Amino acid sequence: MKILNKALLAAPAIAAALPAHAQDAMSLDERVNTIFAQFTGPFVNLIFAPLPGTSFPWIVLWLVVAASVFTIYFSFVQLRYFSHAVSLVKGDYSDPDDAGEVSHFQALATALSGTVGLGNIAGVAVAVGIGGPGATFWMILAGLLGMASKFTECTLGVKYRNEYPDGTVSGGPMYYISKGFKERGLPGGGALAILFSVFCILGALGGGNMFQANQAHAQIAGIVGDYPGWITGLVFAGVVFAVIVGGIKSIANVTEKVVPFMGILYVGAALVILLVNYDQIGWAFGQIFAGAFTGLGVAGGFVGALIQGFKRAAFSNEAGVGSAAIAHSAVRTKEPITEGFVSLLEPLIDTVVICTMTALVITISGQLLIDPDTGLYMLDGSAIATVDGNSGVSLTSAAFGASISWFPYVLAIAVVLFAFSTMISWSYYGLKSWTYLFGEGKTSELIFKIIFCVFIVIGAAASLGPVIDFSDAAIFAMAVVNITALYFLMSIVREELRSYSERLRSGEIKKFAH
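Residues numbered from 1 in each chain as written. Predicted model: local features only at pLDDT ≥ 70, side-chain atom pairs only at ≥ 80, totals over all residues. Heavy atoms only, no water.

Q: Help me understand unusual backbone geometry in this model?
A: With the exception of glycine, most residues fall at negative phi, and the peptide bonds are largely trans. The phi angle at Ser75 is positive, at roughly 50 degrees, despite the residue not being glycine. Mapped onto the fold, Ser75 is located in the loop between helix H3 (58-73) and helix H4 (77-80). For Ser75, a relative accessible area of 40% translates into the label partly exposed. A positive phi is found at Phe76, a non-glycine position, where the angle reads about 55 degrees. Topologically, Phe76 is positioned in the loop between H3 and H4. (Helix = DSSP H or I, 4+ residues; strand = E, 2+ residues; numbered from the N terminus. Buried < 20%, exposed > 50% of the residue type's maximum accessible area, 1.4 Å probe, protein only.)

Dropping the structure here:
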């Protein structure tokens, strides 16, 4: 209780300091940036280091190779069980008496809300702006392969979760690493689980929280005019706290409404623009395929397109990172493999559908400048030249605005919703890692939730570059630990798949009437 009192006393003090920071932004930001960069720079550089002689980050290769291994090992499970996955999400096989806290659909919505976000809007624009439309092809391929990584980690998440007498559950890589390694007589499971939990908490506070608040404030300020970031932070913190204080059921109830709405809003707007420019859709796909193998003059040629596509897919859908397995572990089921099937839909929706929509709109918008004589893209340094020099989210906004003048306002709503949904999902990921390290219980949970909300205010008020870099690195450090464990445990998933498939074929596993 003393720790809780300290946390409660510290929170207002930190929040009160933020308006002062708004008046003295540069000096405090610079001070924090300098000090933080000195301590975290080596770790960030290690995680995102390129392979020798290339600009290809080794961590992206680590994720893509794992996705390819799991795809082959499970005999293209993402294709063979796709229709069954859809049936599970619809609730065709759901027994309301099974242990767990949320439905298959709610678990999918919660995990999607953690991955569908600014990467789909700004990140794709960066990939296409550097690698050209061809980056989209490699992005789709990486997304399709990543479906097998999600299947593997989410099956294990349910199989090794902790189920408590009050009906709550806790699961994720920290549980399947520690329990799975122990079950197989492998050493080091406890240490790896702790390491994963530490990285997950850091990633949740940074990339899953501060970065989202920061970008949401920037988008709102771009529409309504500049104002202090801590105001946005306090509003977000209040709304987020109101949701996360109720636990995963409360989070799932919000995400099952917000995720379909924001997905339909964004994809719907993209479809309207594609329909308005329907005569250019064939040309756009031609640019994607031609650019994938020739580069169409972009820096680095087709290798540059491949790097950008794989990079964006890995950063967008988090397949192999292990974060989604935490959300999927809360599902109501007695068959772990069923949530593996459901989770493989996630990279498909996130990367193959939403990221491709963004890339198509940017390609047909005319924002990317083409040399009329050669048909190749014109370069501005290492990136493709754009109409107004836009990049990132401003390029996406300009691309949509080229067809629908008022779309930047819709995009602002989408960015705020994406940021909000990402924060509430990552609060759950961080919370489960926190309780793994410090124990279950209402007090322990409340301490983390208060810390999380204080960091929302800090993130919105500051421009802490190195903090964001470090938290991004922490998220991908999770993948180093998680995928290492998945290689040791994937035979367990194959046995689950064999058993379930036989019972499904024999008719032992039946649909439920609802």
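The structure having been displayed, the exposition proceeds.
Q: Where do I start with the pattern of salt bridges in this structure?
A: Enumeration over the complete set of coordinates arrives at 10 salt bridges. In this structure, Lys334 engages Asp98 in a salt bridge whose closest nitrogen and oxygen atoms are separated by 3.6 Å. Of this pair, Lys334 sits in the loop between helix H15 (323-328) and helix H16 (336-343) while Asp98 sits in the loop between helix H5 (82-90) and helix H6 (104-115), and the two are 236 residues apart along the sequence. Residue Lys334 is classed as exposed on the basis of its relative accessible area, which comes to 57%. (Salt bridge = Lys/Arg side-chain N within 4 Å of Asp/Glu carboxyl O.)

Q: Looking at this model, I keep getting lost on the environment of Phe455. Mind explaining?
A: Along the chain, Phe455 turns up in helix H20 (residues 442-461). As a C-alpha pair, Phe455 and Phe261 span 194 residues in sequence and 27 Å in three-dimensional space.

Q: What is the right way to look at the packing of helix H8 (residues 134-159) against helix H17 (residues 345-364) in this model?
A: How two helices pack is summed up by the angle between their axes together with the distance between the axes. Direction vectors running N to C along H8 and H17 enclose 170 degrees, while the axes themselves pass 8 Å from each other. With respect to their mutual orientation, H8 and H17 come out roughly antiparallel. Along its contact with H8, which presents Thr136, Met139, Ile140, Gly143, Leu144, Gly146, Met147 and Lys150, the element H17 presents Glu346, Pro347, Leu348, Thr351, Val352, Cys355, Thr356 and Ala359. A class-by-class count of the residues in the contact of H8 with H17 yields 9 nonpolar, 5 polar and 2 charged. (Axes fitted to C-alpha atoms, helices over the stretch in contact; angles between N-to-C directions. Parallel < 35°, antiparallel > 145°, perpendicular 65-115°, else oblique. Contact = heavy atoms within 4.5 Å. Nonpolar A, V, L, I, M, F, W, Y, C, P; charged D, E, K, R; others polar.)

Q: Teacher, can you tell me more about the side chain of Arg161 here?
A: Topologically, Arg161 is positioned in the loop between H8 and strand E1 (162-163). In contact with Arg161, not counting residues within four places along its chain, are Ala99, Gly100, Val169, Ser170, Gly171, Lys179, Ser329, Ala330, Val331 and Thr333.

Q: Could you clarify how one ought to interpret the packing of aromatic side chains in this entry?
A: For any pair of aromatic rings, geometry is given as the distance between the ring centres together with the angle between the planes. If you walk through the whole model with that rule in mind, you get 23 aromatic pairs. Between Trp138 and Phe310 the ring centres are 5.9 Å apart and the planes differ by 80 degrees, which places this aromatic pair in the edge-to-face class. Taken together, the residues span a long stretch of sequence, with Trp138 in helix H8 and Phe310 in helix H14 (residues 301-317) at a distance of 172 residues. Across this residue pair, the class does not change: Trp138 and Phe310 are buried. Between the aromatic rings of Phe151 and Phe341, the centroid separation amounts to 5.7 Å while the plane-to-plane angle is 25 degrees, which identifies the pairing as stacked. On the criterion of sequence distance, the pair formed by Phe151 in helix H8 and Phe341 in helix H16 is long-range, its members being 190 residues apart. By relative accessible area, Phe341 is classed as buried at 0%. Taken together through their ring pairs, the aromatic side chains of Tyr73, Phe74, Tyr81, Phe151, Phe341 and Tyr500 make up a single cluster. It is Lys159 that lies over the ring of Tyr160; its NZ or CZ is 5.8 Å from the centre. (Phe/Tyr/Trp six-rings, centres within 6.5 Å; stacked < 30°, edge-to-face > 60°. Lys NZ or Arg CZ within 6 Å of the ring centre and 35° of its normal.)

Q: Help me out: how do you make sense of H8 in this one?
A: Every α-helix carries 3.6 residues per turn, so stepping three or four residues along brings you back to the same face. Relative to the 38 Å expected for 26 residues at 1.5 Å per residue, H8 spans 39 Å between its end C-alpha atoms, a close match to the ideal helical length. Of all 26 residues in H8, 21 are buried; the element is thus mostly enclosed. (Expected span 1.5 Å × (residues − 1).)

Q: So what exactly am I meant to see when it comes to the nonpolar core here?
A: Soluble globular proteins: nonpolar side chains tend toward being buried together. Formed by 150 residues in total, the largest nonpolar core has its most connected members in Phe151, Val240, Phe341, Phe452 and Ile456. Broken down by element, the residue count for this core peaks at 17 residues, all from helix H21 (residues 465-506). With near-sequence residues (within four places) excluded, Ile456 lies in contact with Asn209, Ala213, Gly233, Phe236, Ala237, Val240 and Met423. Counting 6 residues, the second largest nonpolar core, distinct from the first, contains Met210, Ile450, Ile458 and Ile468. (Core = buried A, V, L, I, M, F, W, Y, C linked by side-chain atoms within 4.5 Å.)

Q: What is the right way to read the side chain of Ser170 from this model?
A: Tracing the chain through its elements places Ser170 in strand E2 (residues 169-170). For Ser170, the side chain forms a polar contact with the side chain of Glu440, separated by 2.9 Å. When residues no more than four places from it in sequence are discounted, the contact partners of Ser170 are Arg161, Asn162, Tyr164, Tyr175, Lys432 and Glu440. (Polar contact = N/O pair within 3.5 Å; in protein donor to acceptor, adjacent residues only side chain to side chain.)

Q: So what exactly am I meant to see when it comes to H20 here?
A: Taking 1.5 Å as the rise per residue, H20 with 20 residues should run 28 Å; its terminal C-alpha atoms sit 29 Å apart, in good agreement. Burial of H20 is extensive: 15 of the 20 residues sit out of reach of the surface.

Q: I would appreciate a short explanation of the state of the cysteines in the present structure.
A: Simply put, disulfide is the name for a covalent bond between the sulfur atoms of two cysteines. Scanning all chains against the criterion turns up 0 disulfides. The cysteine Cys154 is free of any disulfide, with Cys200 supplying the nearest cysteine sulfur at 13 Å. A relative accessible area of 0% means that Cys154 is categorised as buried. Counting only cysteine sulfurs, Cys154 is the nearest neighbor of Cys355, a cysteine outside any disulfide, at a range of 18 Å. (Disulfide = S-S within 2.5 Å.)

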